[in-house]
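Structural features, examined
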Amino acid sequence: MKGLIEEILALREKGYSFRKIAKELKTTVGKVQYRYQKYQEEVSTKQEAMPIRLIQEVPSSYERDEVTVLPQSPTVIYAYWELSAALRQMVEHQCRISWHELPKHLRVYDCTMLQFNGHNAHQYVDIGIPEMTNNWMINGLEPNRTYIVDVGIWTRQGSFLTLVRSNAIDTPRSDDAVKGLHVHAVHEWKEGTASEPEWLEHFSTYSYYETIK
């Protein structure tokens, strides 16, 4: 019976009618039609029984404006960011220049123990980044410090324009000698002998509330 359906299918692919197939195989038209119909039903049943596998596509962009930094070592942090099309278009409109022509930079601030306002960092460094880049490994930092990273562009007027600002990140300690830094001041504050830690006026709102260095 299997050989018969194979012959029927081969002749159907050639465009033969059921009558012509029956004549070619020396059988009846009814038998050819019945066997072909049974084959079609078997194929349909197998297809319905097959599990459906849905492939979820991961979007290349979530259209968000954000930059995140993560510690990699006492002297290295990793930054990755996303800039939405709407933000890029707004920058193009404001600067009157195409996005791909604008110089992109990272500005890395050392804001250790500061109430950082964008202008009072201990120091900062600018890093030029290539077009179409959305992540960067930042090297040469100092251990046991707090850093914030801006993603921005340089305008034609020579000013740095911040587009997105990161969370603050603390680089790990590299020396046991710095462990316990500020613990005495915190202890006095907790014991009530001081209204607030002596360094609070320089305290970063982004970090240090849960971890005392």
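Residues numbered from 1 in each chain as written. Predicted model: local features only at pLDDT ≥ 70, side-chain atom pairs only at ≥ 80, totals over all residues. Heavy atoms only, no water.

1. A short note on the overall build of the protein
Test applied: Put simply, DSSP marks the helices as runs of H or I at least four residues long and the strands as runs of E at least two long, and each gets a number from the N terminus on. Exposure categories follow from relative accessible area, calculated using a 1.4 Å probe and restricted to protein chains: below 20% of the type maximum is buried, above 50% is exposed, and the middle band is partly exposed. Here a residue-residue contact requires only that any non-hydrogen atoms of the pair lie within 4.5 Å. Residue-level accessible areas treat just the shown protein chains as cover; the underlying method is Shrake-Rupley with a 1.4 Å probe.
Broken down by element type, the protein carries five helices and eight strands. Secondary structure elements of the protein occur, N-terminal to C-terminal, as α-α-α-β-β-α-β-β-β-β-β-β-α. Taking all 213 residues of the protein together, 32% fall into the buried category. Across the protein, contacts joining residues at least 24 apart in sequence account for 58% of those joining residues at least 6 apart. For the protein, the exposed surface amounts to about 14400 Å²; the carbon and sulfur share of it is 51%.

2. Some words on the pattern of salt bridges
To keep things clear, this is the line we draw: We define a salt bridge as a contact between a side-chain nitrogen of Lys or Arg and a carboxyl oxygen of Asp or Glu at a distance within 4 Å.
This structure, assessed with the given rule, holds five salt bridges. With a shortest N-O distance of 2.6 Å, Arg 107 and Asp 126 are connected by a salt bridge. Here Arg 107 is found in strand β3 (residues 104-110), whereas its partner Asp 126 is found in strand β4 (residues 123-129), with 19 residues between them in sequence. Residue Arg 107 is classed as buried on the basis of its relative accessible area, which comes to 11%. We note a salt bridge from Arg 165 to Asp 150, for which the minimum N-O separation is 2.7 Å. Taken together, the positions of Arg 165 in strand β7 (residues 160-165) and Asp 150 in strand β6 (residues 146-154) put the pair 15 residues apart, joining distant regions of the chain. On the basis of relative accessibility, which here comes to 0%, the residue Asp 150 falls in the buried class.

3. Notes on the sheet that holds strand β2 (residues 76-82)
Rules: When DSSP finds two or more bridges between a pair of strands, those strands are recorded as paired. Every angle, taken between N-to-C directions, lies between 0 and 180 degrees, and every axis is a line fitted to C-alpha atoms, over only the stretch in contact when it is a helix.
Across the sheet, three strands lie side by side as β1-β2-β5; this open sheet has antiparallel pairing. At either margin of the open sheet sits one strand with a lone partner, and together these are β1 (66-73) and β5 (135-138). Taking each pair of neighbouring strands and ignoring which way they run, the sheet shows an average axis angle of 20°. Alignment of β1 against β2, held across seven bridges, turns out to be antiparallel. Directly across from Thr 68, in β2, lies its bridge partner Tyr 80.

4. A word on the pairing of β2
Of all seven residues making up β2, five are buried, and the element is well covered by its neighbours. In this antiparallel pair of consecutive strands, β1 and β2, the connection spans two residues. In the sheet, β2 pairs with β5 via four bridges, with the strands oriented antiparallel. If you follow Tyr 80 over to β5, its bridge partner there is Asn 135.

5. Quick notes on the side chain of Lys 104
The criterion, for reference: Within 3.5 Å is the distance limit for a polar contact, defined as a pair of N or O atoms, with the added protein rule that one can donate a hydrogen and the other accept it, and that residues adjacent in sequence qualify only through two side-chain atoms.
Tracing the backbone shows Lys 104 in strand β3. The exposure class of Lys 104 is buried, given its relative accessible area of 9%. Of the polar contacts made by the side chain of Lys 104, one reaches the backbone oxygen of Leu 102; its length is 2.9 Å. When sequence neighbours within four positions are dropped, the list of residues in contact with Lys 104 reads Trp 99, Ile 127, Gly 128, Ile 129, Glu 131, Gly 152 and Ile 153.

6. Some remarks on the environment of Thr 155
Examined against the element boundaries, Thr 155 turns out to sit in the loop between β6 and β7. Taking the relative accessible area as the measure of exposure, Thr 155 reaches 15% and is therefore buried. Those residues in contact with Thr 155 that lie beyond four places of it in its chain are Cys 95 and Leu 161. Here Ser 159 takes part through its side chain, which lies 2.9 Å from a polar atom of the side chain of Thr 155.

7. Section: the nonpolar core
What counts is decided by this rule: Here, nonpolar core means buried Ala, Val, Leu, Ile, Met, Phe, Trp, Tyr and Cys residues that are tied together by side-chain atoms lying within 4.5 Å of each other.
In terms of nonpolar packing, the biggest core is built from 25 residues, with Trp 81, Leu 83, Val 91, Leu 106 and Ile 138 touching the most fellow members. Excluding anything up to four places from it in sequence, Val 91 contacts Arg 96, Trp 99, Leu 102, Ile 153 and Leu 163. Counting residues in each nonpolar core, the second largest holds nine residues, with Ile 5, Phe 18, Ile 21 and Tyr 36 among its members.

8. Points about the confidence of the model for the protein
Applied cut-off: Per-residue confidence from the prediction method is given by pLDDT, with values spanning 0 to 100.
Residues of the protein with pLDDT of at least 70 account for 73%, and the chain-wide mean is 81. The least confident element of the protein, judged by mean pLDDT, is helix α5 (residues 183-191) at 56; the most confident is β3 at 97.

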